[in-house]
Amino acid sequence: MVEAQSWTTRRMSNPRFDAAGTAVPTVIDIPGTPPHSSASSTGKPFFLSSPTVSPSVLTAAIIAAWFGSNIGVLLLNKYLLFYYGFRYPIFLTMTHMLSCAAYSSAVINIAGIVPRQHILSRRQFLKILSLSAIFCLSVVCGNTSLRYIPVSFNQAIGATTPFFTAVFSFLITCKTESTEVYLALLPVVSGIVLASNSEPSFHLFGFLICVASTAGRALKSVVQGIILTSESEKLHSMNLLLYMAPMAACILLPFTLYIEGNVLRILIEKARTDPLIIFLLAGNATVAYLVNLTNFLVTKHTSALTLQVLGNGKAAVAAGVSVLIFRNPVTVMGIAGFGVTIMGVVLYSEARKRSKLLNQK
């Protein structure tokens with residue numbers, strides 16, 4: 001570990017960003033790819049078509065890469081924003097989005113993982129832009145919350161996404177679920193209540209802004225299902241990322257310049273004396289894109305349900321790793337509350353699956 005370094009912002013910057021903080025992995029939560037989508041004439045990109053690699057080994061490697069990238073970007077964000085002293089979470093998120101745009105273009109146009117799709121109308125463009133705006137709001141709230149609450153508590157709150165998804169789905173589309181599904185949401189909420197009451201580092205503003213971030217992710221998921229339902233407007237997940245990422249970067253640019261001061265000038269001056277910052281930012285942005293790429297690959301080689309199950313495990317592992325590395329205090333009741341929430345999410349997933357099977361009969 002290195003000692004925290006002081007970064008000086010200009011006079012119009014937000015003093016809240018002078019406190020220690022971190023950021024969450026930047027992931028665009030997009031639905032799984034339809035089975036009929038192909039990457040090339042062989043159905044696989046060139047780097048996944050080797051006959052010498054067995055399917056089970058390939059799947060295990062992809063899952064390992066998914067875990068590594070998700071937890072790795074979290075630890076890199078924490079190191080950059082807290083220990084290294086780069087206290088600009090909005091700018092960091094913007095670099096993630098620029099990275100996603102650049103890598104997505106290379107993966108689609110050069111590697112050929114998926115065929116290129118184009119935006120066909122102004123209406124479709126505005127729909128994608130609205131999704132990008134909701135996504136930016138969610139990410140900024142999530143990054144800001146971690147200046148006030150520890151990573152482990154943030155992960156616990158983030159696990160309540162299914163609750164907000166059910167709420168927004170009912171409010172916006174009037175879609176109702178079975179009684180079993182709604183009952184499964186009770187431990188999701190009660191676990192967070194238990195964890196909040198026993199959290200040693202509880203901060204009301206940090207808690208509320210993290211809840212807003214979680215609600216924003218759920219809102220984006222519901223809105224995306226509504227506005228991109230037409231067959232002519234549906235985009236492959238990687239193509240959607242290709243268009244959303246630069247839009248999100250453009251939205252974030254004025255906010256980082258206004259709230260975080262002249263961060264570009266500060267970064268250039270810092271790089272002259274410490275070139276390590278460039279490698280850290282580039283590595284962090286690359287790992288952030290790998291989170292999205294491995295999300296797609298896990299879904300392609302397993303299923304969306306497997307990705308959901310892995311997500312539950314990742315939240316617990318990430319919380320545990322953050323406690324081990326960053327030593328934030330936890331209590332037995334807090335751990336129990338997190339466990340209850342995760343159990344509720346698992347029950348919710350199983351209840352949703354049974355409900356869908358019953359509806360199909």
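Keep in mind it's a predicted model, so treat the numbers as computed, not measured.

S.K.: Hey, could you go over the overall build of the protein chain for me, with residue numbers and the actual values?
M.R.: A tally of regular secondary structure across the protein chain gives 12 helices and 0 strands. Each helix and strand of the protein chain, ordered N terminal to C terminal, gives the series α-α-α-α-α-α-α-α-α-α-α-α. Expressed as a percentage of the 361 residues in the protein chain, the buried residues total 49%. Considering only contacts within the protein chain whose residues lie at least 6 apart along the sequence, 89% involve residues at least 24 apart. Working note: accessible area of the protein chain is about 16,900 Å², and carbon and sulfur atoms make up 68% of it.

S.K.: Would you mind going over helix α12 (residues 332–360) in detail, with residue names and values included?
M.R.: Compared with the 42 Å implied by 1.5 Å per residue over 29 residues, the 42 Å span of α12 between its first and last C-alpha is a close match. Within the sequence span of α12, burial applies to Gly334, Gly337, Phe338, Thr341, Ile342, Gly344, Val345, Tyr348, Ser349, Ala351, Arg352 and Ser355.

S.K.: So what about the packing of aromatic side chains? Which residues, and what values?
M.R.: A complete count under the given rule lists 9 aromatic pairs for this structure. Here the aromatic rings of Phe153 and Phe202 are separated by 6.2 Å at their centres, their planes lie at 55°, and the arrangement is tilted. Here the residue Phe153 occupies a position in helix α4 (residues 151–158), and Phe202 occupies one in the loop between α6 (179–197) and α7 (204–227), the gap between them amounting to 49 residues. A relative accessible area of 36% places Phe202 in the partly exposed class.

S.K.: Give me the nonpolar core: which residues, what numbers.
M.R.: Formed by 57 residues in total, the largest nonpolar core has its most connected members in Leu80, Phe86, Phe91, Ile277 and Leu281. Mapped by element, the contributors of at least two residues to this core are α1 (55–83), α2 (89–111), α3 (122–145), α7, α8 (237–259), α9 (263–273), α10 (276–301) and α11 (304–326). Within the second largest apolar cluster, 26 residues are counted, among which are Ile192, Ala195, Phe338 and Val345.

S.K.: Any chance you could break down a nonpolar patch on the surface for me, citing the residues and the numbers?
M.R.: On the surface, Val167, Phe170, Leu171, Ile172, Tyr182 and Ile226 cluster together into a nonpolar patch covering about 500 Å² of accessible area. When residues of the nonpolar patch are assigned to their parent elements, the largest contribution, 4 residues, is made by helix α5 (residues 161–173). Here Leu171 shows up in helix α5.

S.K.: Residues and numbers for unusual backbone geometry, please.
M.R.: At Cys174, a residue that is not glycine, the phi angle is positive and equals roughly 60°. By the secondary structure assignment, Cys174 is in the loop between α5 and α6.

S.K.: Explain the packing of α9 against α10 to me, using residue names and the numbers behind them.
M.R.: Direction vectors running N to C along α9 and α10 enclose 120°, while the axes themselves pass 7 Å from each other. With respect to their mutual orientation, α9 and α10 come out oblique. The residues of α10 that touch α9, namely those facing Leu267, Lys270 and Ala271, are Ile277, Ile278 and Leu281.

S.K.: Quick one: what's the story with the UniProt feature "transmembrane region" (unreviewed entry) in the protein chain, residue by residue and with numbers?
M.R.: With numbering matched to this structure, UniProt assigns "transmembrane region" (unreviewed entry) to residues 57–76, 88–113, 125–146, 152–172, 179–196, 240–257, 277–298 and 332–351. The span residues 125–146 carries 95% helix and 0% strand; its end-to-end C-alpha distance comes to 32 Å. End C-alpha to end C-alpha, residues 277–298 measures 31 Å, and it is 100% helix and 0% strand.

S.K.: Please give an account of the side chain of Asn284 that cites residues and values.
M.R.: You can see Asn284 is positioned in helix α10. Leaving out residues up to four positions away in the same chain, Asn284 has contacts with Val73, Leu76, Asn77, Leu80, Leu92 and His96.

S.K.: Please give an account of the pattern of salt bridges that cites residues and values.
M.R.: As enumerated under the stated definition, the model contains 4 salt bridges in all. Across the pair Glu269 and Arg265 runs a salt bridge, and its minimum N-O distance is 3.0 Å. In this pair, Glu269 and Arg265 are both assigned in helix α9, 4 residues apart and thus about one turn of the helix distant. Its salt-bridge partner being Lys353, residue Glu350 comes within 3.5 Å of it at the nearest N-O pair. In this pair, Glu350 and Lys353 both sit in helix α12, 3 residues apart, roughly one turn of the helix.

Basis of the calculations
- Residues numbered from 1 in each chain as written.
- Predicted model: local features only at pLDDT ≥ 70, side-chain atom pairs only at ≥ 80, totals over all residues.
- Heavy atoms only, no water.
- Helix = DSSP H or I, 4+ residues; strand = E, 2+ residues; numbered from the N terminus.
- Buried < 20%, exposed > 50% of the residue type's maximum accessible area, 1.4 Å probe, protein only.
- Contact = heavy atoms within 4.5 Å.
- Areas by Shrake-Rupley, 256 points an atom, 1.4 Å probe, with all protein chains shown as cover.
- Expected span 1.5 Å × (residues − 1).
- Phe/Tyr/Trp six-rings, centres within 6.5 Å; stacked < 30°, edge-to-face > 60°.
- Core = buried A, V, L, I, M, F, W, Y, C linked by side-chain atoms within 4.5 Å.
- Patch = residues over 30% accessible without salt bridge, like charges linked within 9 Å, V, L, I, M, F, W, Y side chains within 5 Å.
- Salt bridge = Lys/Arg side-chain N within 4 Å of Asp/Glu carboxyl O.
- Axes fitted to C-alpha atoms, helices over the stretch in contact; angles between N-to-C directions.
- Parallel < 35°, antiparallel > 145°, perpendicular 65-115°, else oblique.
- UniProt positions renumbered as here; feature names shortened; annotations may be inferred.

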